[in-house]
Amino acid sequence: MSMTILTVDDSRTMRDMLKLALSDAGFRVVQAEDGVHGLEVLRLEAPDVIVTDINMPRMDGYGFIKGVRSDDRHRAVPILVLTTESDAEKKDRARRAGATGWIVKPFDPVKLVSAIRRVAA
Amino acid sequence: MPVGFTSNPRIVPVLELSEVLDIKAAAPLAAAFLERRGAEILVDAARVEKLGGQCLQVLLSAAFTWKADELPFGIVEPSAAFLDALALLGVPADALGDQGLAR
Amino acid sequence: MDSLAAIKQTFFQECEEQLAELESGLLAIEGGIQDSETVNAVFRAVHSIKGGAGAFALDDLVRFAHVFETALDHLRAGLLLPSAEVTGCMLRAADVLADLVRAARDGGSVDAARCKALGEELAALDPDGAGTVPETDDGMDGIDFAPVLVELDDLDALPAPSGRHFTIRFTPHPDLYAKANDAAVILREITRLGDATITCDTSDVPLLSELDPEGSCLSWTIRLRTASDAAAVREVFEFVEGDCDVAISAEAEEDGEDLDVAALLARLQGEVAGETAEATAQQLIADETPLPGSEVIDLSEVRRQGKAHEVAPEPASKPEATAASTAAPPTIRVDLDRVDRLIDLVGELVINQAMLAQRVFEAGLARASGVAAGLDELEQLTREIQDSVMAIRAQPVKSVFQRIPRLVREVAALTGKTVRLVTEGEATEVDKTVIERLSDPLTHMIRNAIDHGLESPEARLEKGKPAEGQVRLSALHRSGRIVIEVADDGAGIDRPKVKAIAARKGLVAADAVLSDEEIDNLIFLPGFSTAASISDISGRGVGMDVVKRSIQALGGRISIASRPGEGSTFTMSLPLTLAVLDGMVVTVAGQTLVVPLTAIVETLQPKAVEVHGLGGAARVIAIREHFVPLIDVGRELGYRGNDADPLDCVALLVESEGGARNALLVDAILGQRQVVIKSLEANYRHVPGIAAATILGDGRVALILDVDAVVARSRSDAASHETFLAAAG
């Protein structure tokens, strides 16, 4: 029974790298390009974990997280944000928006996968 | 619906727990128990795959409520995942009803 | 490998799209469209290209994109106005960026001279004229997919359950569940650390009619036996910090003889655990059928009291656990706001005590009188209370030091150097606010030490050094401050090269005679560490001038000691707290002001021959062959209309942001003292040129001068200074 992970990032290169790391770990990956797209994808998909970037056009990560948490269907889904190690302010804002945890960039594929397994447990 | 009912006329009403008992399942579960208050109850935990802290609160609260009402409350057919979750959450089997957990 | 190659293809496609976006955005800006979304999109395009390029080690591309991004960052921040000259330069830069992308993709080459020229042109757009930027919010927010060494011990290997004992008290808040975390997830993480005995406290679970299904009424006590340290235990709660109450108390490390006792205790604990949960279940019924005097009710009362004081005591019904923990001091968890309130109150007490002392002095009471002696004792006590309260906020620097090994591994991997990190003094304590702001400068310094300090393994072997370089990070307390050192055993500062770079960049005259120390300190000058020393690892704004500025902002100082061939040591010294400040109390036009001591280099009495007018109100003072702008503080703050006569004043030579020196004119110096900082904005509002306020012994409010802001204001007042100084110096 493989888990489905939704990745939300405006950079295709980044999405592909996430997909590579996550598929290698045996997850099914669905992707979105920004917050608005992410919420659209969620109408059809029910991911087990969401990984999202912060800085995106149209709708940034904070808006996206709030959108997910206010949707009864998805409010229990763990959300991990991609952030830099030093950026306490961003982490804090993301958490206040309802993020479950964070992944430090540049991400280490092993740690990414273990963080996902940890929050999905 | 996360909670379903199966009436078993030969014994007692059975409340069947759903697979995923996360934050979303807590309120419907509490409502289902409240609906059954005032009669003996058996809780079927066979299908449970995931038990979170808030649904555990509901289960404990229900057990205490039934005990206060001096009515029998029991958990039956617990799945392995359910028993593992109880152990992880530090709750001994007999805290959930006087009948304990029968496999 | 195939997948990575495919991603690289994607990257180049994406680059083309970003380049198109960049060009159309820049054209729109040139055409007068300057809304933030357009500027953001342009910034994001370059940022994105840089991030991907970093992941694929396309160094030339990263370097150029970095300079470009810096300029765009200024545009975004409004520091740079989109004049025709600026947009023209950026459009040409976009062309070069496109060339670089295509060269990276197709293996061709670019016009290196053009690339370099445009890089310099972009750097010259820097509003500070310095080509460096402070690290912004998303300075590293790129797509970095750096190869990271995966260590086996990073994986979920079960540590041998031995070593330490912890008692963890864990009470989730409803928010923890709302963010899709769960108590079960946290408890599972704890069990991964070793042998855990988990007890659920169900005493707050109400009957169904009163239950909030999405509330939180359970708490847990975990006894953990683990090989991991307290930091690892705390890390389990990383994601839920603030969404739960956690108290972790450690017990003494056991030695061999204690093993059996520990096992026995663990077993007892297990039995007690069973009893507690059962007992608490009964207690719930007791809510309706009271059982006076029962032990269980005592327990719940203790818990409730504990909650009211936001402390998490050991459950009273567990004598075994209490006995076992006597070796380690018990800890409580206190809301930070309460501590801050206490610090505020103690600050007021200090002020009050000083006021009282002054009144007594004014009343002419004899020094030997009983009142004076009592006051001395009061002063002593007040100081002790202040120190003790400050100590509550103190934390070991370990939390910052812990992140360094990973950083070292990453930078070492990227630079191809082998590095051994030695840390000392992790337990050294410093105020929480200082710790929080220590991380960035320290990260820069470590990167710098590896990237620029250490030689390549080959070069080291040639010089007869071990191939593995060493970086030593240490912390210690020295005369009321914390001193942090980053030392490498690399090549030391290449002084001829440093001087040559500084001369080329116009930071010093080519024929200037400089001491070794003066040369070493050139690396702290803004503008020094741009093009020549920029590297992919160092990333944005990593110039040592930025490091120096952020340390100064904390009231600290940084110095460097370097020996050719043996290595360099950067030493930063910081105050232990940001709640008090060492200041020089001065008067300006009848007002009392406090100037932070860390900003002051020296004080002097201006002489007529040293002061020169520059036309208008602008004046400079000659200090040892250098002309330094003379700033009348009274005039800058609007306390007086006309400039004071410098000859009647005292000049404070201050070093501001980026090492620039200015002389501040004040009327008189009253003395030096430690003052308690009061935020002006919290009590009043932001005042330009003023950082905060304090209350002096005589009860008067004195404003604390923001030296950088005063200097910046005066500079914008008189741009003519700059041109003259450039000519003169």
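Preceding this section is the structure that the text describes.
The text that follows walks through the structure, step by step, so that each part is easy to find.

The rules behind the values
- Residues numbered from 1 in each chain as written.
- Chains lettered and ligands numbered in written order.
- Predicted model: local features only at pLDDT ≥ 70, side-chain atom pairs only at ≥ 80, totals over all residues.
- Heavy atoms only, no water.
- Helix = DSSP H or I, 4+ residues; strand = E, 2+ residues; numbered from the N terminus.
- Contact = heavy atoms within 4.5 Å.
- Areas by Shrake-Rupley, 256 points an atom, 1.4 Å probe, with all protein chains shown as cover.
- Buried area = accessible area lost by both parts, 1.4 Å probe.
- Salt bridge = Lys/Arg side-chain N within 4 Å of Asp/Glu carboxyl O.
- Polar contact = N/O pair within 3.5 Å; in protein donor to acceptor, adjacent residues only side chain to side chain.
- Nonpolar A, V, L, I, M, F, W, Y, C, P; charged D, E, K, R; others polar.
- Axes fitted to C-alpha atoms, helices over the stretch in contact; angles between N-to-C directions.
- Parallel < 35°, antiparallel > 145°, perpendicular 65-115°, else oblique.
- Left-handed = near helix turned anticlockwise from the far one by under 90°.
- Pairing = 2+ DSSP bridges.
- Buried < 20%, exposed > 50% of the residue type's maximum accessible area, 1.4 Å probe, protein only.
- Disulfide = S-S within 2.5 Å.
- Phe/Tyr/Trp six-rings, centres within 6.5 Å; stacked < 30°, edge-to-face > 60°.
- Lys NZ or Arg CZ within 6 Å of the ring centre and 35° of its normal.
- Core = buried A, V, L, I, M, F, W, Y, C linked by side-chain atoms within 4.5 Å.

This paragraph deals with the overall build of chain A. When its secondary structure is counted, chain A shows 5 helices and 5 strands. Of the regular secondary structure in chain A, the N- to C-terminal order runs β-α-β-α-β-α-β-α-β-α. Long-range pairs, those at least 24 residues apart, make up 61% of the contacts in chain A with a sequence separation of at least 6. Summed over its atoms, the accessible surface of chain A is roughly 4500 Å², and 48% of this surface lies on carbon and sulfur atoms.

In this assembly, 7 residues from chain A lie in contact with 4 residues from chain B. In this assembly, chain A packs against chain B so that about 390 Å² is buried in total across both faces, 52% of it on carbon and sulfur atoms. On the surface where chain A and chain B come into contact, there are 0 salt bridges. Taken together, the connections running from chain A to chain B amount to 1 residue pair in polar contact (both at pLDDT 80 or more). When the residues that make up the side of chain A that touches chain B are grouped by side-chain class, the tally is 3 nonpolar, 1 polar and 3 charged.

This part covers the packing of helix 1 (residues 12-24) of chain A against helix 5 (residues 109-120) of chain A. Residue and element names in this part refer to chain A. The geometry of helix 1 relative to helix 5 is characterised by a closest axis approach of 10 Å and an angle of 70 degrees between their N-to-C directions. As far as their axial angle goes, helix 5 and helix 1 are roughly perpendicular. Remark: the crossing between helix 1 and helix 5 carries right-handed chirality. For the pair helix 1 and helix 5, the contacting residues are L18, A21 and L22 in the first and P109, L112, V113 and I116 in the second. By residue class, the composition of the contact of helix 1 with helix 5 is 7 nonpolar, no polar and no charged.

It is worth spelling out the sheet that holds strand 2 (residues 194-201) of chain C at this point. Residues and elements named next belong to chain C. If you trace the 4 strands from one edge of the open sheet to the other, you get 2-3-1-4, paired in antiparallel fashion. Strand pairing shows two members of the sheet lacking a second neighbour, strand 2 and strand 4 (244-251), which therefore form its edges. For this sheet, the mean angle separating the axes of adjacent strands, direction not counted, is 15 degrees. On top of the sheet, helix 7 (residues 183-193) reaches strand 1 (164-172), strand 2 and strand 3 (219-226); it is set at about 150 degrees to strand 2, its chief contact.

In this section: the side chain of T382 of chain C. Residue and element names in this part refer to chain C. Structurally, T382 can be placed in helix 13 (residues 370-393). Classification of T382 by relative accessible area gives buried; the value is 3%. At 2.4 Å, the side chain of T382 forms a polar contact with the backbone oxygen of L378. Excluding its chain neighbours within four sequence positions, the residues that come into contact with T382 are L349, V350 and Q353.

The next point concerns the pairing of strand 4 (residues 41-44) of chain B. Look at any regular strand and the pattern is simple: side chains alternate between the two faces of the sheet. Residues and elements named next belong to chain B. Residues of strand 4 alternate between two faces, with I41 and V43 on one and L42 and D44 on the opposite face, all of them buried. Direction of pairing for strand 2 (residues 14-16) relative to strand 4: parallel, over a ladder of 3 bridges. When the sheet's bridge partners are listed, V14 is paired in strand 4 with L42.

Should the sulfur atoms of two cysteines be covalently bonded, the bond is a disulfide. Residue and element names in this part refer to chain C. Under the defined criterion, the tally for this structure stands at 0 disulfides over all chains. For C200, which is in no disulfide, the shortest distance to another cysteine sulfur is to C217 and amounts to 8.9 Å. On the basis of relative accessible area, C200 is assigned to the buried category, the value being 1%.

This part covers the packing of aromatic side chains. Under the criterion given, the structure shown has 9 aromatic pairs over all chains. Residues F33 of chain B and W66 of chain B carry aromatic rings whose centres are separated by 6.0 Å and whose planes lie at 70 degrees to one another, so their mutual orientation is edge-to-face. Of this pair, F33 of chain B sits in helix 1 (residues 23-36) while W66 of chain B is found in helix 2 (residues 53-68), placing the two residues 33 residues apart along the sequence. You can call F33 of chain B buried: its relative accessible area is 0%. Here F524 of chain C and F570 of chain C contribute two aromatic rings whose centre-to-centre distance is 6.2 Å and whose plane-to-plane angle is 90 degrees, an arrangement assigned as edge-to-face. Here F524 of chain C, found in the loop between helix 20 (516-521) and helix 21 (544-553), pairs with F570 of chain C, found in strand 11 (residues 567-575); they are 46 residues apart in sequence, far enough to count as distant. The class of F524 of chain C is buried, set by a relative accessible area of 2%. Following the ring pairs from residue to residue traces out a cluster consisting of F33, W66 and F73 of chain B. The ring centre of Y62 of chain A lies 3.8 Å from the NZ or CZ of R93 of chain A, which sits over that ring. Cation over ring: R76 of chain C sits above F43 of chain C, and NZ or CZ is 3.8 Å from the ring centre.

Okay, the pairing of strand 17 (residues 626-632) of chain C next. Residues and elements named next belong to chain C. Across the 7 residues of strand 17, 5 count as buried, placing the element largely inside the fold. The pairing of strand 16 (residues 619-623) with strand 17 spans 5 bridges and is classified as antiparallel. In the sheet register, I621 faces strand 17, and the bridge partner there is V628. The hairpin turn running from strand 16 into strand 17, its antiparallel successor, is 2 residues long, and R624 in that turn takes a positive phi close to 45 degrees.

All right, on to the pattern of salt bridges then. Scanning the entire structure with this criterion turns up 37 salt bridges over all chains. One salt bridge in this structure joins R75 of chain A and E214 of chain C, with 2.7 Å as the shortest N-O distance. Placement of the pair is R75 of chain A in the loop between helix 3 (61-69) and strand 4 (79-84) and E214 of chain C in the loop between strand 2 and strand 3, with the two residues belonging to separate chains. Judged by its relative accessible area of 17%, R75 of chain A falls in the buried class. You can call E214 of chain C partly exposed: its relative accessible area is 25%. We note a salt bridge from R460 of chain C to E455 of chain C, for which the minimum N-O separation is 2.9 Å. Of the two residues, R460 of chain C and E455 of chain C, neither departs from the other in class, the shared state being buried. Salt bridges sharing common partners tie together E455, R460, K463, K465 and D489 of chain C.

This part is about the nonpolar core. With 66 residues, the main nonpolar core has F33, L51 and F82 of chain B together with I168, F170, W220 and F237 of chain C as its most contacted residues. Here this core takes 10 residues from helix 2 of chain B, the largest share from any one element. Leave out the neighbours within four places in its chain, and F33 of chain B touches L15, I41, V43, V58, L59, A62, W66 and F73 of chain B together with L208 of chain C. Among the nonpolar cores identified, the runner-up in size contains 45 residues, and L22, A53, V67 and L118 of chain C belong to it.

With that settled, consider the packing of helix 4 (residues 84-106) of chain C against helix 5 (residues 112-124) of chain C. All names here are of chain C. Interhelical geometry of helix 4 versus helix 5 gives an angle of 140 degrees and a closest axis separation of 10 Å. With respect to helix 5, the axis of helix 4 lies oblique. Note that helix 4 runs across helix 5; the crossing there is left-handed. Across the interface between the two elements, C89, M90, R92, A93, D95, V96, D99 and L100 of helix 4 pack against R114, C115, L118, E121 and L122 of helix 5. A breakdown of the residues in the contact of helix 4 with helix 5 according to their chemical character gives 8 nonpolar, no polar and 5 charged.

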